[in-house]
Amino acid sequence: MNALVSAYAWVPGVARGHVRDLRVRWALEEADLPYDAELIRLDDKTAYRAKQPFGQVPAYVDDEVEMFESGAIVLHLAERSEALMPRDAAGRARVQTWIFCALNTMETPIAMLAELNIFNAGQAWTEGARPRVEGWVRMRLGELETRLGDKAYLDGDAFTAGDILMADVLRMIPEPMLAEYPKLAAYLARCLARPGFQKALAAQMADFTGAPPEGWTGPQ
């Protein structure tokens, strides 16, 4: 399989290690599937929009498909690898459920909290929104921890594509908040200790070889 994953050649330091091509790289590493990276400049996306109409990463191409959206790509890869999803109908349904749970039930409030803490830090309006958002996040984290229980991974002893997406979402949680949920904190540490994640992270970081767009005035 000749897989090509798009990634940015440069992003500000705060985003490095968190751009969503990491999810696809991690899935490819867990499935032991080779891939190449197509590096995209933040200020030169005109041709690239034929692959990704919103100018974001990742986009993905292999011998069979051309896609965008990290969750859809990870699901596609899971369909091709037992390392990411069981082959029986019940197992596939469980993994598909956790994939969508990570991207909807969990990521929606957690991404909103990241907007307050990172992208709009210091703005007065964030303080009015913070109690509601933090309460929403804590509710979801508590519910997720209850469901996880003492299992190693979401589907029991087997690591799956659902864990890739859930772990990447949980990485956005501030450490002091995540520490309030020790089973989730241990779960996340277990996921991030996997060689597949470490290889994917190193590959993303190594590809930040570009320079900021001309006239860039944002964070470095």
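Residues numbered from 1 in each chain as written. Predicted model: local features only at pLDDT ≥ 70, side-chain atom pairs only at ≥ 80, totals over all residues. Heavy atoms only, no water.

Colleague: What am I meant to see in the overall build of the protein chain here?
Modeller: A tally of regular secondary structure across the protein chain gives eight helices and four strands. The N-to-C order of helical and strand elements in the protein chain reads β-α-β-β-β-α-α-α-α-α-α-α. Principal-axis analysis of the C-alpha atoms gives the protein chain an extent of 50 × 45 × 25 Å. Burial analysis of the protein chain (220 residues in total) assigns 45% to the buried set. For the protein chain, long-range pairs separated by at least 24 residues make up 71% of all intrachain contacts whose partners lie at least 6 apart in sequence. (Helix = DSSP H or I, 4+ residues; strand = E, 2+ residues; numbered from the N terminus. Buried < 20%, exposed > 50% of the residue type's maximum accessible area, 1.4 Å probe, protein only. Contact = heavy atoms within 4.5 Å.)

Colleague: For this particular structure, what's the right way to read the sheet that holds strand β4 (residues 66-68)?
Modeller: To summarise the sheet geometry, strands pair through backbone hydrogen bonds and adopt either a parallel or an antiparallel arrangement. Taken in spatial order, the four strands line up as β2-β1-β3-β4 in an open sheet, and their pairing is mixed. The open sheet terminates on both sides in strands that have one partner only, identified here as β2 (35-40) and β4. Strand-to-strand, the axes of this sheet are offset by a mean angle of 25 degrees, without reference to chain direction. In the sheet, strand β1 (residues 3-8) pairs with β2 via six bridges, with the strands oriented parallel. What sits directly across from Leu-4, in β2, is Asp-36. Packed onto the sheet, helix α1 (residues 21-30) meets β1, β2 and β3 (59-61) and runs at close to 150 degrees relative to β1. In the packing of helix α2 (residues 70-80) onto the sheet, contacts are made with β3 and β4, and the angle to β4 comes to roughly 135 degrees. (Pairing = 2+ DSSP bridges. Axes fitted to C-alpha atoms, helices over the stretch in contact; angles between N-to-C directions.)

Colleague: Looking at this structure, I do not really get helix α5 (residues 161-170). What am I missing?
Modeller: Each α-helix turn comprises 3.6 residues. Residues three or four places apart therefore point the same way. Within α5, 10 of the 10 residues are buried, which leaves it mostly tucked inside the rest of the structure. Within α5 the residues assigned to the buried category are Ala-161, Gly-162, Asp-163, Ile-164, Leu-165, Met-166, Ala-167, Asp-168, Val-169 and Leu-170. Capping of α5 at its N-terminal end is provided by Thr-160; its side-chain oxygen lies 3.1 Å from the backbone amide nitrogen of Gly-162. (Polar contact = N/O pair within 3.5 Å; in protein donor to acceptor, adjacent residues only side chain to side chain.)

Colleague: For this particular structure, what's the right way to read the pattern of salt bridges?
Modeller: Side chains that differ in sign of charge can pair as their charged atoms come close. Under the defined criterion, the tally for this structure stands at 19 salt bridges. For Arg-138, the salt bridge goes to Glu-134, with nearest N and O atoms at 3.6 Å. With Arg-138 and Glu-134 both in helix α4 (residues 125-148) and four residues apart, the pair spans about one turn of that helix. The partly exposed category is assigned to Arg-138, whose relative accessible area is 31%. A single salt-bridge network, built from bridges that share partners, covers Arg-20, Arg-23, Glu-107, Asp-168 and Arg-171. (Salt bridge = Lys/Arg side-chain N within 4 Å of Asp/Glu carboxyl O.)

Colleague: Just checking my understanding: could you explain empty space enclosed by the protein for this structure?
Modeller: Empty space among the atoms becomes visible once a probe the size of a water molecule is rolled across them. Applying the stated rule across the entire model yields one cavity of 30 Å³ or more. Roughly 30 Å³ of volume is contained in the largest cavity. Every residue lining the largest cavity is listed: Ala-9, Trp-10, Arg-41, Leu-42, Gly-210, Ala-211 and Pro-213. When the residues that make up the lining of the largest cavity are grouped by side-chain class, the tally is five nonpolar, one polar and one charged. (1 Å grid on protein atoms, 1.4 Å probe; cavity = no way out; pocket = protein on both sides within 12 Å on 5 of 7 lines; lining within 4 Å. Points joined across faces, edges and corners; volume = space filled by probe spheres on them. Nonpolar A, V, L, I, M, F, W, Y, C, P; charged D, E, K, R; others polar.)

Colleague: Mind showing me how you'd approach the environment of Tyr-181 here?
Modeller: Among the secondary structure elements, Tyr-181 is positioned in the loop between α6 (175-178) and α7 (182-192). On the accessibility criterion, Tyr-181 (10% relative accessible area) is buried. Between the C-alpha atom of Tyr-181 and that of Glu-107, which follows or precedes it by 74 residues, the distance is 17 Å. Residue contacts for Tyr-181: discarding those within four places in its chain leaves Arg-138, Leu-141, Gly-142 and Glu-145.

Colleague: Where do I start with the packing of aromatic side chains in this structure?
Modeller: Note on aromatic pairs: each is described by the distance of the centres and the angle between the planes. Counted under the stated rule, the structure contains four aromatic pairs. Centroid distance Trp-26 to Phe-159: 5.8 Å. Interplanar angle 35 degrees. Geometry classified as tilted. In this pair, Trp-26 sits in helix α1 while Phe-159 sits in the loop between α4 and α5, placing the two residues 133 residues apart along the sequence. The exposure class assigned to Phe-159 is buried, which follows from its relative accessible area of 8%. Measuring from ring centre to ring centre gives 4.9 Å for Trp-26 and Phe-197, while their planes differ by 65 degrees; the resulting arrangement is edge-to-face. Remark: Phe-197 occurs in helix α8 (residues 195-206) and Trp-26 occurs in helix α1; sequence separation between them is 171 residues. Note on Phe-197: relative accessible area 3%, which makes it buried. Between Arg-194 and the ring centre of Phe-159, over which it is positioned, the NZ or CZ distance is 3.9 Å. (Phe/Tyr/Trp six-rings, centres within 6.5 Å; stacked < 30°, edge-to-face > 60°. Lys NZ or Arg CZ within 6 Å of the ring centre and 35° of its normal.)

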